[in-house]
Amino acid sequence: MRLRRVSVLWGQLQLAAKRNTARYSFCLRKMYTSTEAASAAKQRVVDLRSDTVTKPCKEMRRAMAEAEVGDDVFGEDPTVNEIQRQAAQLLGTEDALFVSSGTMGNLISVMCHCSFRGAEALIGDESHTYIYEQGGIAQIAGVFSRPVRTLNDGRLDLQDLESKIQHGFPDAHFGKTQLICLENSHNRMGGRVLPLSYMKEVRSLADRYQLKIHLDGARLLNAAQSLGVQPSQIVQFCDSVSICLSKGLGAPVGSLIGGQKEFIAQARRIRKLLGGGMRQAGVLAAAGIVALNHAMENVALDHQHAKAFALGVQAMNSPVCTTDPATVESNMVRLMVNGKLTAEELCRGLSDMTQLEQDNKQGVSVLALSMSSHCVRLVWHRDISEQDTKLALEKLRTVLHTYNEEKIPQ
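Worth saying up front: this structure is predicted, and the values here are computed from it rather than measured.

Points about the sheet that holds strand 5 (residues 176-183)
Ordered by their spatial adjacency, seven strands build an open sheet running 2-8-7-6-5-3-4, and the pairing between neighbours is mixed. Edge positions in the open sheet fall to strand 2 (95-99) and strand 4 (144-148), since each of these has one partner strand only. For this sheet the average axis-to-axis angle between neighbouring strands, irrespective of direction, equals 20 degrees. Strand direction decides the pairing type here: strand 3 (residues 119-124) and strand 5, joined by five bridges, are parallel. Its bridge partner lying in strand 5, L122 is registered against I180.

Brief notes about the packing of helix 5 (residues 102-113) against helix 12 (residues 261-273)
Look at helix 5 against helix 12: their axes get within 9 Å of each other, and the N-to-C directions meet at 120 degrees. Taken together, the axes of helix 5 and helix 12 are oblique relative to one another. When the axes of helix 5 and helix 12 are compared, the crossing they make is right-handed. The residues of helix 12 that touch helix 5, namely those facing M104, I108, S109, M111, C112 and H113, are F263, Q266, A267, I270, R271 and L273.

Concerning the sheet that holds strand 10 (residues 332-337)
The strand order 9-10-13-12 describes an open sheet built from four strands, whose pairing is antiparallel. Both edges of this open sheet fall to strand 9 (321-322) and strand 12 (369-372), since each of them pairs with a single strand only. Pairing analysis gives two bridges linking strand 9 to strand 10, with the strands arranged antiparallel. Bridge pairing in strand 10 places T322 opposite M336. Packed on one face of the sheet, helix 13 (residues 282-316) meets strand 9, strand 10 and strand 13 (375-379) and runs near 20 degrees to strand 10.

Let's talk about the environment of R271
Checked against the element boundaries, R271 lands in helix 12. Residues R271 and M104 lie 167 residues apart in sequence; the distance between their C-alpha atoms is 8.0 Å. Setting aside residues up to four positions removed in sequence, R271 forms contacts with D72, Q84, L97, F98, V99, M104, I108, G276 and G277. Here the side chain of R271 touches D72 through a polar contact of 3.1 Å, side chain to side chain. Within polar-contact distance, the side chain of R271 engages the backbone oxygen of F98 at 2.6 Å.

Things to note about the UniProt feature "modified residue: N6-(pyridoxal phosphate)lysine" (unreviewed entry) in the chain
UniProt feature "modified residue: N6-(pyridoxal phosphate)lysine" (unreviewed entry): in the numbering of this structure it lies at K247. Considering the arrangement of structural elements, one finds K247 in the loop between strand 7 (240-244) and strand 8 (255-259). For K247, a relative accessible area of 15% gives the class buried. Apart from the residues lying within four places of it in its own chain, the contact partners of K247 are D51, T52, T54, A218 and R219.

Structural notes on the packing of aromatic side chains
Counting across every chain of the model gives two aromatic pairs. Ring centres of F116 and F169 lie 5.9 Å apart, and the angle between their planes is 25 degrees; on these two criteria the pair is classed as stacked. You can see F116 sitting in the loop between helix 5 and strand 3 and its partner F169 sitting in the loop between helix 8 (158-163) and strand 5, a full 53 residues away along the chain. Taking the relative accessible area as the measure of exposure, F116 reaches 29% and is therefore partly exposed. Looking at F169, the relative accessible area reads 37%, which means it is partly exposed. Seen in terms of ring centroids, F309 and W380 are 5.0 Å apart; in terms of plane orientation they differ by 50 degrees. Their pairing is tilted. Residue F309 is located in helix 13, and its partner W380 is located in the loop between strand 13 and helix 15 (386-401); the two are separated by 71 residues in the primary sequence. Classification of F309 by relative accessible area gives buried; the value is 1%. Cation over ring: R279 sits above F74, and NZ or CZ is 5.8 Å from the ring centre.

Parameters at a glance
- Residues numbered from 1 in each chain as written.
- Predicted model: local features only at pLDDT ≥ 70, side-chain atom pairs only at ≥ 80, totals over all residues.
- Heavy atoms only, no water.
- Pairing = 2+ DSSP bridges.
- Helix = DSSP H or I, 4+ residues; strand = E, 2+ residues; numbered from the N terminus.
- Axes fitted to C-alpha atoms, helices over the stretch in contact; angles between N-to-C directions.
- Parallel < 35°, antiparallel > 145°, perpendicular 65-115°, else oblique.
- Left-handed = near helix turned anticlockwise from the far one by under 90°.
- Contact = heavy atoms within 4.5 Å.
- Polar contact = N/O pair within 3.5 Å; in protein donor to acceptor, adjacent residues only side chain to side chain.
- UniProt positions renumbered as here; feature names shortened; annotations may be inferred.
- Buried < 20%, exposed > 50% of the residue type's maximum accessible area, 1.4 Å probe, protein only.
- Phe/Tyr/Trp six-rings, centres within 6.5 Å; stacked < 30°, edge-to-face > 60°.
- Lys NZ or Arg CZ within 6 Å of the ring centre and 35° of its normal.

Written out as structure tokens, the structure is:
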């Protein structure tokens, strides 16, 4: 009876999630899946820590094995040249460059835009570049990060942004503001997506003060899918953009930078300086081409699963753990916990396999990431199926039952 009730509830949640999502056939996800996908073993792991944990699918592995290669430092790798051509077309930029990671892509872009040591970049205080990249733009490029207040939806406070622009240069006391960095979709804010109207406002402000804009678009295609637009419609408001192949797109490694030809020529030179000249890199780019070809369909399915999960959590009406489905705009769900339960405790409970599920005797471990003492982040990706999502929701229900003052409705 309990399993039947869960199935009925899940059907209702899926219908709700699909209202804002196109229909996608199961055969696509079945074909485009990891060769190491979860099996019907007694212990099953549902890894929602990040969309970086995906494994290359069979099509990617085949493309890597058969890739035509050359020396990319000499510009002679045809597979790298092809992914750069496709990326420029997708992003609406004059040219593109294949790099090893998003962190490298962001660093190269800042170094291209900030023309001297001591230049300033305005960066969100909750951004990936500011928090998770070791202050590389200061360590390596000598660029000063001036933090700007990040709002709950991922936007930078425009009033604070404008107030942080330096106007004293070339007075010897002041640096020179040269760059604004945005992030779309926004990682720490739970995959929130910046509206095109906001991007346009920032572009107008940047033009007023002759500043450049770099977009950390690690999950740009998630943002585009959420907005129902082409990636180029977002990038049109920026001077450069980086996009990760190894997150929602599911490739094993690699990122791309887009910009004008002169910018990419300079970026190529800096890439070599940073040790990013990868010679026969076509074996990596080949997997990225497969990822780009299947990107939008798989990203949409990830969004659908994340939304259905959030609606399921809301339906639990737990007094200790909540989420707002209205804020689930892409492939991330943030669970907020109160004083009776910390984020670390919730993560430990979700990952614990010592107690078998009563219904099917299958031990389920759900891996999640605590973003703070009161926030847990879950990220959907290509290797997470509809069944995995159901298992994760039921595991959460089991864990929360221990902490709830009242029994969660079944």
